[in-house]
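Coordinates in review
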Amino acid sequence: MAVKLAAIFFSMIFVDNYVLSKFLGICPFLGVSKKLNSAVGMSVAVTVVMVIATAATWPIYHYILVPNELEYMQTIVFILIIAVLVQLLETVLKKFLPPLYAALGVYLPLITTNCAILGVTILNIDNGYNFAEALVCSAGAGIGFLLAMVLFSGVRSRIEEAKPPKCFEGLPITLVAASLVSLSFMGFGGIIEAIFGV
Amino acid sequence: MKEKLKIVTNGLLKENPVLKLVLGTCPTLAVTTMAFNGLGMGLAATFVLICSNVVISLLRKVVPSQVRIPCYITVIATFVTVVQMLMKAFLYDLYAALGVFLPLIVVNCIILGRAEMFASKNGVVASALDGLGMGLGFTLTLTLMGTVREILGSGTWMAGLLEEPIFDLSGTIPPMGILSKAPGGFFVFGCFMAAAIALEKIDGKKVKLGCGGCPSAACCPEAQACAGGCEGCGASAGGEKDAAGQVVETEVKTDEPGKGE
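Residues numbered from 1 in each chain as written. Chains lettered and ligands numbered in written order. Predicted model: local features only at pLDDT ≥ 70, side-chain atom pairs only at ≥ 80, totals over all residues. Heavy atoms only, no water.

Some remarks on the overall build of chain A
- Scanning chain A from terminus to terminus reveals ten helices and zero strands.
- Across chain A, helices and strands are ordered from the amino to the carboxyl terminus as α-α-α-α-α-α-α-α-α-α.
- The C-alpha radius of gyration computed for chain A amounts to 18 Å, which stays within 12% of the reference 16 Å derived for 198 residues, consistent with globular compactness.
- With respect to the three principal axes, the spread of C-alpha positions in chain A is 60 × 45 × 30 Å.
- Evaluated residue by residue, chain A yields a buried proportion of 54% over its 198 residues.
- Taking the intrachain contacts of chain A between residues at least 6 apart in sequence as the baseline, contacts between residues at least 24 apart amount to 78%.
- Carbon and sulfur atoms form 71% of the exposed surface of chain A, whose accessible area is close to 8200 Å².
- Of the side chains in chain A, 10 bear a positive and 10 a negative charge, and the two mean positions are spaced by 15 Å. (Helix = DSSP H or I, 4+ residues; strand = E, 2+ residues; numbered from the N terminus. Rg over C-alpha atoms; globule rule 2.2 N^0.38 Å. Buried < 20%, exposed > 50% of the residue type's maximum accessible area, 1.4 Å probe, protein only. Contact = heavy atoms within 4.5 Å. Areas by Shrake-Rupley, 256 points an atom, 1.4 Å probe, with all protein chains shown as cover. Lys, Arg positive; Asp, Glu negative; His and termini not counted. Charge placed at Lys NZ, Arg CZ, Asp CG, Glu CD.)

Notes on the overall build of chain B
- When helices and strands are counted, chain B shows nine helices and two strands.
- The 261 residues of chain B split such that 56% are buried.
- The long-range fraction of contacts in chain B, counting pairs at least 24 apart against all pairs at least 6 apart in sequence, stands at 70%.
- Of the roughly 10800 Å² of accessible surface on chain B, a fraction of 67% belongs to carbon and sulfur atoms.

A closer look at the pattern of salt bridges
- Enumeration over the complete set of coordinates arrives at four salt bridges over all chains.
- The partner of K166 of chain A in a salt bridge is E169 of chain A, and the shortest N-O contact between them spans 3.9 Å.
- Exposure remark for K166 of chain A: the relative accessible area of 57% places this residue in the exposed category.
- A relative accessible area of 18% places E169 of chain A in the buried class.
- The partner of R114 of chain B in a salt bridge is D130 of chain B, with the nearest N and O atoms 2.9 Å apart. With R114 of chain B in helix α6 (residues 109-119) and D130 of chain B in helix α7 (residues 124-154), this residue pair connects regions lying 16 residues apart in the sequence. With respect to burial, R114 of chain B and D130 of chain B carry one shared label: buried. (Salt bridge = Lys/Arg side-chain N within 4 Å of Asp/Glu carboxyl O.)

A look at the interface of chain B and chain A
- Taken together, the 51 residues of chain B in the interface contact 50 residues of chain A.
- Between chain B and chain A lies a buried interface of about 4400 Å² when both sides are counted; carbon and sulfur atoms form 73% of it.
- The tally of links from chain B across to chain A stands at zero salt bridges.
- For the pair chain B and chain A, the number of links is two residue pairs in polar contact (both at pLDDT 80 or more).
- At the level of secondary structure, the elements contributing two or more residues to the side of chain B that touches chain A comprise α2 (25-31), α4 (68-90), α6, α8 (182-203) and α9 (231-236) of chain B.
- Split into classes, the residues belonging to the side of chain B that touches chain A amount to 32 nonpolar, twelve polar and seven charged. (Buried area = accessible area lost by both parts, 1.4 Å probe. Polar contact = N/O pair within 3.5 Å; in protein donor to acceptor, adjacent residues only side chain to side chain. Nonpolar A, V, L, I, M, F, W, Y, C, P; charged D, E, K, R; others polar.)

Considering the side chain of S52 of chain B
All names here are of chain B.
- As for its position among the elements, S52 is in helix α3 (residues 35-58).
- Overall, the relative accessible area of 0% leaves S52 in the buried class.
- A distance of 3.3 Å separates a polar side-chain atom of S52 from the backbone oxygen of L49.
- With sequence-adjacent residues up to four places away left out, S52 is seen in contact with V75, I76, F79 and I111.

Notes on the environment of F101 of chain B
- Note on placement: F101 of chain B falls in the loop between α5 (92-98) and α6.
- Along the sequence, F101 of chain B and E200 of chain B sit 99 residues apart, while their C-alpha atoms lie 30 Å from each other.
- When residues no more than four places from it in sequence are discounted, the contact partners of F101 of chain B are K22, F23 and L24 of chain A together with C26, P27, A30, V31 and M41 of chain B.

Observations regarding unusual backbone geometry
Residue and element names in this part refer to chain A.
- Even without glycine at this site, F23 takes up a positive phi of about 55°.
- Relative to the helices and strands, F23 is located in the loop between α1 (2-15) and α2 (26-31).
- Although it is not a glycine, E69 adopts a positive phi angle of roughly 55°.
- Looking at the secondary structure, you find E69 in the loop between α3 (36-65) and α4 (74-96).

Here's the deal with the environment of A178 of chain A
- In this structure, A178 of chain A sits in helix α9 (residues 171-186).
- In this structure the C-alpha to C-alpha distance between A178 of chain A and R156 of chain A, which are 22 residues apart in sequence, comes to 9.1 Å.
- If we ignore the near neighbours within four places in the chain, the residues touching A178 of chain A are L20, F29 and F152 of chain A together with F186 of chain B.

Here we look at the nonpolar core
- Residues Y18, F29, I111 and L118 of chain A together with F101 of chain B are the most contacted members of the largest nonpolar core, which totals 117 residues.
- Ignoring sequence-local partners within four residues, the contact set of Y18 of chain A consists of M12, F23, L24, M50, A116, G119, V120, L123 and A141 of chain A. (Core = buried A, V, L, I, M, F, W, Y, C linked by side-chain atoms within 4.5 Å.)

Quick notes on the environment of V49 of chain A
Residues and elements named next belong to chain A.
- Position of V49 relative to the elements: it lies in helix α3.
- Among the residues examined, V49 registers a relative accessible area of 4% and is labelled buried.
- Spatially, the C-alpha atoms of V49 and V86 are 7.2 Å apart, while their sequence positions differ by 37 residues.
- The contact partners of V49, leaving out residues within four places of it in the chain, are V86, L89, L108, I111 and I117.

Thoughts on the packing of α4 of chain B against α6 of chain B
All names here are of chain B.
- Across the interface, α4 lies against α6 with an axial gap of 11 Å and an inter-helix angle of 130°. The orientation of α4 relative to α6 falls into the category oblique. Considering only the axes of α4 and α6, their crossing is right-handed. Of the residues in α6, those in contact with R68, I69, Y72, I73 and I76 of α4 are I111, L112, A115 and E116.
- When grouped by side-chain class, the residues that make up the contact of α4 with α6 number seven nonpolar, no polar and two charged. (Axes fitted to C-alpha atoms, helices over the stretch in contact; angles between N-to-C directions. Parallel < 35°, antiparallel > 145°, perpendicular 65-115°, else oblique. Left-handed = near helix turned anticlockwise from the far one by under 90°.)

Structure representation (C-alpha cells):
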C-alpha cells in the first residue's frame, strides 16, 4: 500500500508532471512563472486547492453521483464544487488566517478556471483511484506543479537576458524553452518502475 | 453584412484565440499530436462556444452581474456535457483520444473569455457569429499544428478520420517521435506563435500580445469580478498596458508572458 502510494506520488511529480508532460495548467505556468515568489505562491495555492477539491469531489462522485446513476453530471458538478470551494477558502482565509490570505489570496480567484484542478479531480476518477490514492495523487500533482514552476522561473530569468530573433521575442522563445525543460523531464521516464517495481 | 463577416474573420488571424490572444493553451498543446484530434477538439469547442454565446447573450439582461461567472460556467458545463455524451455515442475513438481534455473545455479560457467579453454585451446573432469565428480560428490552428506534428512525428496525416490515414510517409521518412511527445508540443506551438507574429509584422500592423488581446481585460480592474474570467487574464496579461494604452491593473502582480514588442 505504502509503496503504491509512494509510486503514485513520485510519478506525479517527475514522470507524469502535470505541466510538462500532461499539459494541464499551462496558463499559470506561462503567466506567473516570471518571478520566483509569485511562482511559489501560485503553486502552493494550487496544491492546497487540488487536495481540498479532491477530498470534496471524490466522495461526492462515489457516494452521491454513482448510486443515483448521475455520472454524466460529473463535469457540471465538479466545476461548481471547485468554484464554491475556492470562494469558501478565500472567505475563510480572509477571516481567520489573514497572513496566509495576504500571501495566497490573490491567486485564489484565478484558480477556479485552472484546468489542472478540474483535471486532477476528473483524472482521479478516471484512473479508478481509491480515496487515499486520489489524495496522494493530487498532492503529488501540486508538488510537481511547484517544481516545474520554480525550475522554469529560473530558466525564464535567463531568457530575459537573451536576444532571440525578433519574432521569437516574448512568448514564443519562452515556449521553446519550456520544450527543453520538458525534454529534460522525459529523462525520468521509467524511473518509477525501476525504483518501486510497480 | 460586411460587419457581420468581419466578426467571423476576426477570429481567424487578427484575433486568433490561440496564437494572438494566447488562450486555450492546454488543449492546444495536448491534443495536437494528431491532426484529426485537433480537428475534433476544435469542432467540439466551436459547438460549445456558439451555443454558450447564444444562451449567454439571451440571458445577458436576466443574470445579475455579481453571479454571472458561476452562471456562465453552468451554461458552458451543460453544453460540454452534451458534447461529451454525443461524442461518446457516435465518435468513441475520438472521445477516447481527447480524454480528460473534453470535459476540460469547461475551463477553456476562450469560451469563458468570449462569454465575458463579447456575448454579455452583444446581441444574439453577433454573439453566435463571434463564437463561430473564434471557434474556427481555434479549429484551424489546432488542425494546422496537428498536421505539422503528425506528419513530422508519426509520418501520417489525418489518421482516424477514415479507416486509413490520408497518406502515410512513415515507411519512406523515419518519423521524429519527439514531435508527437510533450516537448514537441511546446516547440511547435512556439514556432507557430513566432510565425503569426512574423505574418502580422509583414502586414505592417503592430503586434499586440498581453492585456490588449486579453478577453478578460475588461473585467480586470474589478478584483472580485475577476473570479472566473481572469484565468486568461492572469496568464496572458496581468497589470500591463492594454492596446489602448489604458493601464489595466489586476490584483495579481504577475507579468504578462508575451511582450510582443
